[in-house]
Amino acid sequence: MSAKTYAINEAPVSIQTLTQLFLEAVDRFGSRAAFGRITEDLQVEELGYVAVLEEVRRVAGALEAHGVLRGDRAAILSPNRLEWALVDYGSLCSGVVVVPVYPTLTASQIAYILRDSGAKMVFVPDADLMEKAVEARAECAHEVQVVVFDAPEGLPDGVTSWSRFLADGREQVERLPEEEFRARALQAEPDEVATILYTSGTTGDPKGVMLTHGNVGSNVDASRFVLGFHEDDVAVSFLPLSHIFQRMVDYLFFSAGVTVVHANGLDASDLDAIADAGAGVALTPVSDMTTGPGAPPMQDILDRSIRPGLGVGDELEGPGDLLAHVVDLHLGHVAPDRKRHDRGGG
């Protein structure tokens with residue numbers, strides 16, 4: 001299968017905010033599955049668009065309850081998972097600037113980003129990264145609250161569990177009607193900063209790159225012209241959401257009705273287990289999001305684990321095809337005789 005080397009479309013690219021894209025998708029797709037999560041027993045739990053809105057409202061309310069307000073910064077120090085997306089959308093709808101942080105950074109490197117960005121809160125997935133975040137905030141002159149998705153027993157001072165955090169947001173949700181929440185979310189302007197991404201720091205201290213709603217939203221809109229997908233597709237969010245590439249594609253899929261399944265830090269052994277659990281082969285079209293930056297390491301993992309486990313060869317060319325193949329075995333959404341459509345066609 002030949003890959004596209006270029007694409008052109010003379011239609012003007014609309015400049016939308018990410019909150020517009022979010023709310024329009026919720027209204028359009030309603031109870032359809034927006035996200036899926038691979039559980040410990042290798043099942044996929046789904047969350048519909050309306051349910052996502054309710055969770056995002058709780059996140060927004062909890063941010064306000066904890067004093068993280070419009071214009072403030074919140075960091076996410078976590079591998080891809082459902083909560084990453086919920087915090088992202090909740091922050092965007094609150095006017096809070098999201099600062100993604102790679103989980104592989106050292107505590108000192110994390111501390112630098114927290115200090116430089118002025119982040120008031122950092123979200124982490126588990127006890128290990130909680131300890132790293134607590135160590136990092138000790139190097140900060142300002143207060144940094146920590147929220148843990150999978151909280152252990154006995155949390156340190158200034159650390160809140162995800163369940164407690166959401167509970168803190170319920171009162172705000174009850175107080176603020178959905179119409180007012182939407183109105184606040186839509187206050188965002190295309191030239192308003194949505195996120196700050198930090199460079200690797202290989203040539204000095206990391207630099208914060210400010211991306212606006214219009215920056216990312218225009219990429220989402222333009223990508224519709226070149227990525228082939230349909231509303232009943234399933235995609236795997238595998239590349240790190242700390243990188244804008246996967247994050248932009250996830251925004252695109254959410255706005256287009258494509259179910260996004262988070263890999264939750266899957267490694268080769270996890271993929272082996274999923275492959276062993278599969279009983280059949282179902283081909284589903286998926287965007288080539290995994291053929292961009294960061295794809296070679298993932299291709300190696302998949303070639304070593306998934307391909308032999310599924311008993312498939314070159315008919316599944318890219319890592320995107322292979323991952324979609326695995327997810328379909330568990331979602332059961334796609335009939336085995338479905339064919340992939342052309343990558344550039346849609």
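Residues numbered from 1 in each chain as written. Predicted model: local features only at pLDDT ≥ 70, side-chain atom pairs only at ≥ 80, totals over all residues. Heavy atoms only, no water.

Student: Talk me through the overall build of the chain; I want residue IDs and the actual numbers.
Tutor: A tally of regular secondary structure across the chain gives 13 helices and 11 strands. Residues classed as buried in the chain amount to 53% of the 346 residues present. In the chain, 74% of the contacts between residues at least 6 apart in sequence involve partners at least 24 apart. Carbon and sulfur atoms form 50% of the exposed surface of the chain, whose accessible area is close to 14,900 Å². (Helix = DSSP H or I, 4+ residues; strand = E, 2+ residues; numbered from the N terminus. Buried < 20%, exposed > 50% of the residue type's maximum accessible area, 1.4 Å probe, protein only. Contact = heavy atoms within 4.5 Å. Areas by Shrake-Rupley, 256 points an atom, 1.4 Å probe, with all protein chains shown as cover.)

Student: With reference to specific residues and values, describe the packing of helix 1 (residues 18-29) against helix 3 (residues 82-94).
Tutor: Axis separation between helix 1 and helix 3 bottoms out at 9 Å; the angle between their running directions is 115 degrees. Here the hand of the crossing between helix 1 and helix 3 comes out left-handed. For the pair formed by helix 1 and helix 3, the contact residues are Leu 18, Thr 19 and Phe 22 on the first element and Tyr 89, Leu 92 and Cys 93 on the second. Classifying every residue of the contact of helix 1 with helix 3 by side-chain character gives 5 nonpolar, 1 polar and no charged. (Axes fitted to C-alpha atoms, helices over the stretch in contact; angles between N-to-C directions. Left-handed = near helix turned anticlockwise from the far one by under 90°. Nonpolar A, V, L, I, M, F, W, Y, C, P; charged D, E, K, R; others polar.)

Student: Kindly report on the sheet that holds strand 2 (residues 44-48), identifying the contributing residues and their values.
Tutor: Within the open sheet, the 4 strands sit side by side as 2-1-11-10. Their pairing is mixed. Each end of this open sheet is capped by a strand with a single partner; those strands are strand 2 and strand 10 (234-237). Each neighbouring strand pair of the sheet contributes to a mean axis angle of 25 degrees, computed without reference to strand direction. Pairing of strand 1 (residues 33-38) with strand 2 involves 5 bridges; the strand directions are antiparallel. (Pairing = 2+ DSSP bridges.)

Student: Which residues make up the side chain of Ser 91, and what values go with them?
Tutor: Tracing the backbone through its elements, the reader meets Ser 91 in helix 3. Relative accessible area serves as the criterion here: at 1%, Ser 91 is assigned to the buried category. Aside from chain neighbours lying at most four places away, what touches Ser 91 is Leu 63, Val 96 and Val 98.

Student: Describe the pairing of strand 5 (residues 121-124), and please don't skip the residues or the numbers.
Tutor: Burial along strand 5 is two-sided: Met 121 and Phe 123 facing one way and Val 122 and Val 124 facing the other are all buried. Where strand 3 (residues 73-77) and strand 5 come together, 3 bridges link them in parallel fashion. Bridging from a neighbouring strand, Ala 75 pairs with Val 122 of strand 5.

Student: Pulling in residues and values, what's your account of the packing of aromatic side chains?
Tutor: Overall, the coordinates contain 12 aromatic pairs when judged by the stated rule. Ring geometry for Phe 22 and Phe 254: centres 5.4 Å apart, planes at 15 degrees, overall stacked. You can see Phe 22 sitting in helix 1 and its partner Phe 254 sitting in helix 9 (residues 244-256), a full 232 residues away along the chain. Residues Phe 22 and Phe 254 agree in their burial class; the two are buried. One aromatic cluster in this structure is built from Phe 22, Phe 29, Phe 35, Tyr 49, Tyr 89, Tyr 251 and Phe 254. (Phe/Tyr/Trp six-rings, centres within 6.5 Å; stacked < 30°, edge-to-face > 60°.)

Student: Talk me through the pattern of salt bridges; I want residue IDs and the actual numbers.
Tutor: With the rule as written, the count across this model stands at 15 salt bridges. Among the ionic pairs, Glu 45 bridges to Arg 37, the shortest N-O distance being 3.8 Å. Linking Arg 81 and Glu 83 is a salt bridge whose minimum nitrogen-to-oxygen distance equals 2.7 Å. Summarising the burial analysis for this pair, Arg 81 and Glu 83 share the class buried. Bridged by salt links that share partners, the residues Arg 37, Glu 45, Arg 81, Glu 83 and Asp 150 form one connected network. (Salt bridge = Lys/Arg side-chain N within 4 Å of Asp/Glu carboxyl O.)

Student: Give me the nonpolar core: which residues, what numbers.
Tutor: Phe 22, Phe 35, Val 52, Phe 123, Trp 162, Phe 165 and Phe 254 are the most contacted members of the largest nonpolar core, which totals 58 residues. Dropping the residues within four chain positions of it, Phe 35 is found in contact with Glu 45, Glu 46, Leu 47, Val 52, Leu 82, Ala 85, Tyr 89, Phe 254, Thr 259, Val 260 and His 262. Ile 110, Ala 111, Leu 114 and Tyr 198 belong to the second-largest nonpolar core, a separate cluster that totals 24 residues. (Core = buried A, V, L, I, M, F, W, Y, C linked by side-chain atoms within 4.5 Å.)

Student: Account for the pairing of strand 10, with residues named and values stated.
Tutor: Residue alternation in strand 10 divides its side chains into two sets, Val 234 and Val 236 and Ala 235 and Ser 237, and both sets are buried. In this structure, strand 10 lies alongside strand 11 (residues 259-262), joined through 4 bridges in parallel fashion. Bridged to Val 234 within strand 11 is Thr 259. For the crossover that starts at strand 10, traverses helix 9 and ends in the parallel strand 11, the hand is right-handed. (Right-handed = clockwise from strand over helix to strand, strands pointing away.)

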